[in-house]
Amino acid sequence: MEKLKELLGEKLYGEVAEQLKAKGKEGKDLELAVANDGSFLPKAKFDALNKEYQGMKERVNGMDAELMGAEAAKIKALEMEEALGIAQKENETIIARYQGEIAEIAKKNSLEKVLNGYGAKNNRAVEALLDWEKIDFKDGELLGVNQQLEVVKEEAPYLFNSKTQGFTYQPKGSHPAPDYAQMSDADYYRFLNKKG
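Right, let's walk through the structure included here.

### Digging into the nonpolar core
Argument step 1. With 15 residues, the main nonpolar core has Leu111, Leu115, Val126, Leu130, Val145, Leu149 and Phe160 as its most contacted residues.
Argument step 2. At the level of elements, helix 3 (43-118) and helix 5 (145-155) are the ones that each hand at least two residues to this core.
Argument step 3. Among the elements that line this core, the one with the most residues is helix 3, at four residues.
Argument step 4. Every residue in contact with Leu149, bar those within four places of it in the chain, is listed here: Val114, Leu115, Tyr118, Val126, Leu130 and Phe160.

### A word on a nonpolar patch on the surface
Argument step 1. A cluster of nonpolar side chains, Leu7, Leu8 and Leu12, forms an exposed patch at the surface whose accessible area comes to about 270 Å².
Argument step 2. Tracing the backbone through its elements, the reader meets Leu7 in helix 1 (residues 2-8).
Argument step 3. Judged by its relative accessible area of 62%, Leu7 falls in the exposed class.

### Points about the environment of Leu129
Argument step 1. Assignment of secondary structure puts Leu129 in the loop between helix 4 (123-128) and strand 1 (136-138).
Argument step 2. Separated by 20 residues in sequence, Leu129 and Leu149 have C-alpha atoms that sit 8.9 Å apart.
Argument step 3. The residues contacting Leu129, other than those within four sequence positions of it, are Val152 and Leu159.

### A closer look at the pattern of salt bridges
Side chains carrying opposite charge are able to pair once their charged atoms draw close together.
Argument step 1. Applying the stated criterion across every chain, the model contains six salt bridges.
Argument step 2. Asp47 is paired through a salt bridge with Lys43; the nearest N and O atoms lie 3.1 Å apart. Remark: Lys43 and Asp47 occur in helix 3; sequence separation between them is four residues, near one turn of the helix.
Argument step 3. Classification of Asp47 by relative accessible area gives partly exposed; the value is 34%.
Argument step 4. Overall, the relative accessible area of 60% leaves Lys43 in the exposed class.
Argument step 5. Taking the shortest distance from any N to any O, the salt bridge between Asp187 and Arg190 comes out at 2.7 Å. Taken together, the positions of Asp187 and Arg190, both in helix 6 (residues 185-195) and three residues apart, correspond to about one turn of that helix.
Argument step 6. Judged by its relative accessible area of 34%, Asp187 is partly exposed.

### Let's talk about the layout of surface pockets
Argument step 1. The computed volume of the second largest pocket comes to approximately 470 Å³.
Argument step 2. Taken together, 20 residues line the second largest pocket, and the ones lying closest to its centre are Ser110, Lys113, Val114, Gly140 and Asp185.
Argument step 3. Secondary structure elements with two or more residues in the lining of the second largest pocket: helix 3, strand 2 (141-143), helix 5 and helix 6.
Argument step 4. Top contributing element to the lining of the second largest pocket by residue count: helix 3, with seven residues.
Argument step 5. Here the lining of the second largest pocket is composed, by residue class, of 12 nonpolar, four polar and four charged.

### With respect to the packing of aromatic side chains
A ring pair, where both rings are aromatic, is described by two values, the distance of the centres and the angle of the planes.
Argument step 1. Enumeration over the complete set of coordinates arrives at one aromatic pair.
Argument step 2. Above the plane of the ring of Tyr98 lies Arg97, whose end atom (NZ or CZ) is 4.9 Å from the centre.

### Description of the side chain of Glu127
Argument step 1. Structurally, Glu127 is set in helix 4.
Argument step 2. Within the structure, Glu127 has its side chain in polar contact with the side chain of Lys108 (distance 2.5 Å).

Calculation criteria
Residues numbered from 1 in each chain as written. Predicted model: local features only at pLDDT ≥ 70, side-chain atom pairs only at ≥ 80, totals over all residues. Heavy atoms only, no water. Core = buried A, V, L, I, M, F, W, Y, C linked by side-chain atoms within 4.5 Å. Buried < 20%, exposed > 50% of the residue type's maximum accessible area, 1.4 Å probe, protein only. Helix = DSSP H or I, 4+ residues; strand = E, 2+ residues; numbered from the N terminus. Contact = heavy atoms within 4.5 Å. Patch = residues over 30% accessible without salt bridge, like charges linked within 9 Å, V, L, I, M, F, W, Y side chains within 5 Å. Areas by Shrake-Rupley, 256 points an atom, 1.4 Å probe, with all protein chains shown as cover. Salt bridge = Lys/Arg side-chain N within 4 Å of Asp/Glu carboxyl O. 1 Å grid on protein atoms, 1.4 Å probe; cavity = no way out; pocket = protein on both sides within 12 Å on 5 of 7 lines; lining within 4 Å. Points joined across faces, edges and corners; volume = space filled by probe spheres on them. Nonpolar A, V, L, I, M, F, W, Y, C, P; charged D, E, K, R; others polar. Phe/Tyr/Trp six-rings, centres within 6.5 Å; stacked < 30°, edge-to-face > 60°. Lys NZ or Arg CZ within 6 Å of the ring centre and 35° of its normal. Polar contact = N/O pair within 3.5 Å; in protein donor to acceptor, adjacent residues only side chain to side chain.

Next up, the structure:
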């Protein structure tokens, strides 16, 4: 107030103050405006700024929640990615194991077929005499087994049936046993199914 008195002067200030007496609500005196040096903020402006601040605060809180949700989702995605990698490795291991087992079964079946074609009396006994390091299995064929079987047949002929060895009974109207080594897989299985 002193600042206003200083600016208006004593006389003018007194006249203005006299005019404001009993002019307010319920007969109260009106106060003179205080010259604002920047420290005074009108209530309407304060309310507007406060509302803007509250809105920004809500947005920041919302963004924080979204960020935390995104980080949780990122962690979950990383965990899932890691679990997927582990499952893929396990799957590859299982597939490799089964492929190895299938290849081994196919190799054994091919050997059985070849041994039957050679007339082996006891397939396990003949198989034990073979050097598996020198036998390859490619495209359903055993490579290197025929040479070894010829050697085994010369060294241990008693392990094989020979066509001249002993008398073989063959009923009238029957056919001699086929040469299994010369048969295709389909013919071999067809022969086994007919045999019963």
